[in-house]
Amino acid sequence: MATAAPPLKDELDIVIPTIRNLDFLEMWRPFFEPYHLIIVQDGDPTKTIKVPEGFDYELYNRNDINKILGPKSSCISFKDSACRCFGYMVSKKKYIFTIDDDCFVAKDPSGQQINALQQHIKNLLCPSTPLFFNTLYVDAVLTIPKGTLFPMCGMNLAFDRDLIGPAMYFGLMGDGQPIGRYDDMWAGWCIKVICDHLGLGVKTGLPYIWHSKASNPFVNLKKEYNGIFWQEEIIPFFQSATLSKDSTSVQKCYIELAKQVREKLGKIDPYFVKLADAMETWIQAWDELNPPKAN
């Protein structure tokens, strides 16, 4: 009797940003092995990253990114997990699941391992309800209401690449930038404004994973320092951001949002002018690698 194929086996890529050998995949093997991995190697491109045997993967380092994108590679962050969004761009699948290399399998109260990917797939395939709020909170999946922002976490995230992929840009962070580690927060605020405009839903809640932080909290604070101050103005900006009726696609929405970032947040710091330029470059690079499909 033939066993059923894993759900979305040929429609989903797992994107992993890393600077180290991927031994953590052994713990995830029962859940991840059937799927295709896209590994985005950050830091020194001459370093060899070891991937456990048996996984189907493609690996891109900084040299590969520069070769593929040319001058537009400037929009991809260096020495920050924001580099993961390059994997979103080169993927050819409908769905993306992304996870960090210091995240491990959690267990439920009965001691059973939690298949986070399976729960994400269930979330992706079940319609969301942005205009209706479910008040059942514990161990549940909730749709974040329309008009409400949220702090997105990039280390345990899945999304429909066809629906929202072009807006999943994790910004300019890390090396050479005055801010780091705000990549997923920035992307979450951007996509929420766009999802609200286009009538798309965003979910939160299950699945849970076990995060054993590999980074230094004091180093992290230095990277996040500017963001902690800037978010006092960034969040009101996104709360009041509106998009025009002409913005009928994710790309058009994102370009319009980039212009608003330049005009309004550019007054806070020149970094936001640079970020707005990178947002526009990202869309150009996305469209070059992902030309519109013929009907």
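Everything below is about the structure printed above this text.
Below, the structure is looked at part by part.

Rules and cut-offs
Residues numbered from 1 in each chain as written. Predicted model: local features only at pLDDT ≥ 70, side-chain atom pairs only at ≥ 80, totals over all residues. Heavy atoms only, no water. Helix = DSSP H or I, 4+ residues; strand = E, 2+ residues; numbered from the N terminus. Rg over C-alpha atoms; globule rule 2.2 N^0.38 Å. Areas by Shrake-Rupley, 256 points an atom, 1.4 Å probe, with all protein chains shown as cover. Lys, Arg positive; Asp, Glu negative; His and termini not counted. Charge placed at Lys NZ, Arg CZ, Asp CG, Glu CD. Salt bridge = Lys/Arg side-chain N within 4 Å of Asp/Glu carboxyl O. Buried < 20%, exposed > 50% of the residue type's maximum accessible area, 1.4 Å probe, protein only. Phe/Tyr/Trp six-rings, centres within 6.5 Å; stacked < 30°, edge-to-face > 60°. Pairing = 2+ DSSP bridges.

On to the overall build of the protein chain. The secondary structure content of the protein chain amounts to nine helices and nine strands. The C-alpha radius of gyration of the protein chain comes to 19 Å, within 12% of the 19 Å expected for a compact globule of 295 residues. Taking the principal axes of its C-alpha atoms as reference, the protein chain extends roughly 60 × 50 × 50 Å. As displayed, the protein chain has an accessible area near 14,700 Å², and 55% of this comes from carbon and sulfur atoms. Of the side chains in the protein chain, 31 bear a positive and 35 a negative charge, and the two mean positions are spaced by 2 Å.

The next point concerns the pattern of salt bridges. Evaluated as defined, the whole model comprises 13 salt bridges. With its nearest N and O atoms 2.7 Å apart, the salt bridge here joins Arg181 to Glu224. Of this pair, Arg181 sits in the loop between α5 (161–164) and α6 (183–198) while Glu224 sits in helix α7 (residues 217–240), and the two are 43 residues apart along the sequence. Given a relative accessible area of 30%, Arg181 falls into the partly exposed group. For Lys192, the salt bridge identified is with Asp196, shortest N-O distance 2.9 Å. Note that Lys192 and Asp196 are positioned in helix α6 at a spacing of four residues, about one turn of the helix. Exposure class is identical for Lys192 and Asp196. Each is buried.

As enumerated under the stated definition, the model contains 18 aromatic pairs in all. Taking 5.4 Å as the distance between ring centres and 50 degrees as the angle between the ring planes, the aromatic pair formed by Phe104 and Trp210 counts as tilted. Residue Phe104 is found in strand β5 (residues 103–104), and its partner Trp210 is found in strand β9 (residues 210–211); the two are separated by 106 residues along the sequence. Both rings, one in Trp186 and one in Phe238, keep their centres 5.1 Å apart while their planes meet at 75 degrees; by these two values the pair is edge-to-face. Taken together, the residues Trp186 in helix α6 and Phe238 in helix α7 connect sequence positions 52 residues apart. You can call Phe238 buried: its relative accessible area is 2%. Cluster of aromatic residues (ring-pair linked, three or more members): Trp186, Trp189, Trp230, Phe237, Phe238, Tyr271 and Phe272.

Moving on: the pairing of strand β4 (residues 95–99). Most of β4 is tucked away, with five of its five residues classed as buried. Neither face of β4 is open: one carries Tyr95, Phe97 and Ile99, the other Ile96 and Thr98, and all of them are buried. Pairing of strand β1 (residues 12–18) with β4 involves four bridges; the strand directions are parallel. Bridge pairing in β4 links Leu12 to Tyr95. Here β4 runs beside strand β7 (residues 156–160); their pairing, made up of five bridges, is antiparallel. In the sheet register, Phe97 faces β7, and the bridge partner there is Ala158.

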